[in-house]
Amino acid sequence: MIKQFTPNDLVRYIYQEMSEVEQDLLMQALHSDHSLMQEYVEMLSTIEQMDQIQLQPSEKVVKSIKAMAKSTGLQKV
């Protein structure tokens, strides 16, 4: 019987959280199951895009935080 791999299994594989035996089985499944391979490639692409995101607070938020800190008498860092 061939193990059915889930998206969670793919995430575990990507982040190297699988045993060597599981990795080997998943690699075999990736080579034989086109839809599983497609899902794997899409996950890798999504992770790459997420790694490129740079989050910054808006100027309004920064000003609000500074104003709140000033009004409470917190020292400047």
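Everything quoted here is computed from the prediction, not taken from an experiment.

Regarding the overall build of the protein
- Helices and strands together make up the secondary structure of the protein, namely four helices and zero strands.
- For the protein, whose C-alpha radius of gyration is 22 Å, the value lies well above the compact-globule estimate of 11 Å for 77 residues.
- Oriented by its inertia axes, the alpha-carbon framework of the protein measures out at about 65 × 20 × 15 Å.
- Expressed as a percentage of the 77 residues in the protein, the buried residues total 17%.
- Of the accessible surface of the protein, which amounts to about 6,900 Å², a share of 56% is contributed by carbon and sulfur atoms.
- In the protein, the 7 positive side-chain charges and the 11 negative ones have mean positions that sit 28 Å from each other.

Focus: a nonpolar patch on the surface
- The grouping of Met50, Ile53 and Leu55 at the surface amounts to a nonpolar patch, some 370 Å² of accessible area in total.
- Note that Ile53 resides in the loop between helix H3 (34-51) and helix H4 (59-71).

A short note on the nonpolar core
- In this structure, Phe5, Leu10, Tyr13, Ile14, Met18, Leu26, Ala29, Leu30, Leu36, Tyr40, Met43 and Ile47 together form the largest nonpolar core, which totals 12 residues.
- Listed by contribution, the elements that provide at least two residues to this core are helix H1 (7-14), helix H2 (20-32) and H3.
- If you tally residues by element for this core, the top one is H3, at four residues.
- If we skip the residues at most four places from it in the chain, Phe5 touches Met18, Glu22, Leu25, Leu26, Ala29 and Leu36.

Let's talk about H1
- Within H1, burial applies to Asp9, Leu10, Tyr13 and Ile14. All buried residues of H1 fall inside an arc of 140 degrees around its axis, so they share one side.
- The inward-facing, buried residues of H1 abut H2 and H3.
- Two residues or fewer after H1 comes Gln16, characterised by a positive phi angle close to 55 degrees.

Basis of the calculations
- Residues take numbers from 1 onward in each chain, read along the sequence in its written order.
- Only residues with pLDDT of at least 70 get local features here, since the model is predicted, and only at 80 or more are side-chain atom pairs given and counted; chain-wide, interface and lining totals rely on the full set of residues.
- Excluding hydrogens and water, the side-chain figures rest on all heavy atoms present in the structure.
- Put simply, DSSP H or I for four residues or longer makes a helix, DSSP E for two residues or longer makes a strand, and each gets a number counted from the N terminus.
- With C-alpha atoms as the basis for the radius of gyration, the globule rule is written as 2.2 Å multiplied by the number of residues raised to the power 0.38.
- Buried, partly exposed and exposed residues are distinguished by accessible area as a fraction of the type maximum, computed with a 1.4 Å probe on protein chains only: under 20%, between the cut-offs, and over 50%, respectively.
- With residues, only the protein chains shown are counted as cover, and all accessible areas are computed by Shrake-Rupley using a 1.4 Å probe.
- This count recognises Lys and Arg as positive and Asp and Glu as negative, with His and chain-terminal groups excluded.
- Here the site of a charge means NZ on Lys, CZ on Arg, CG on Asp, or CD on Glu.
- A residue counts toward a patch only above 30% relative accessible area and without a salt bridge, and it is joined to like-charged neighbours within 9 Å or, for Val, Leu, Ile, Met, Phe, Trp and Tyr, to nonpolar neighbours within 5 Å.
- One side-chain nitrogen of Lys or Arg within 4 Å of one carboxyl oxygen of Asp or Glu is enough to make a salt bridge.
- The criterion is simple. A nonpolar core is a set of buried Ala, Val, Leu, Ile, Met, Phe, Trp, Tyr and Cys residues joined through side-chain atoms within 4.5 Å.
- Here, residues are in contact when the closest pair of their heavy atoms is within 4.5 Å.
- Throughout, the arc means that of the directions going from the helix axis to the C-beta atoms.

By themselves, these observations are geometric and do not establish any function.
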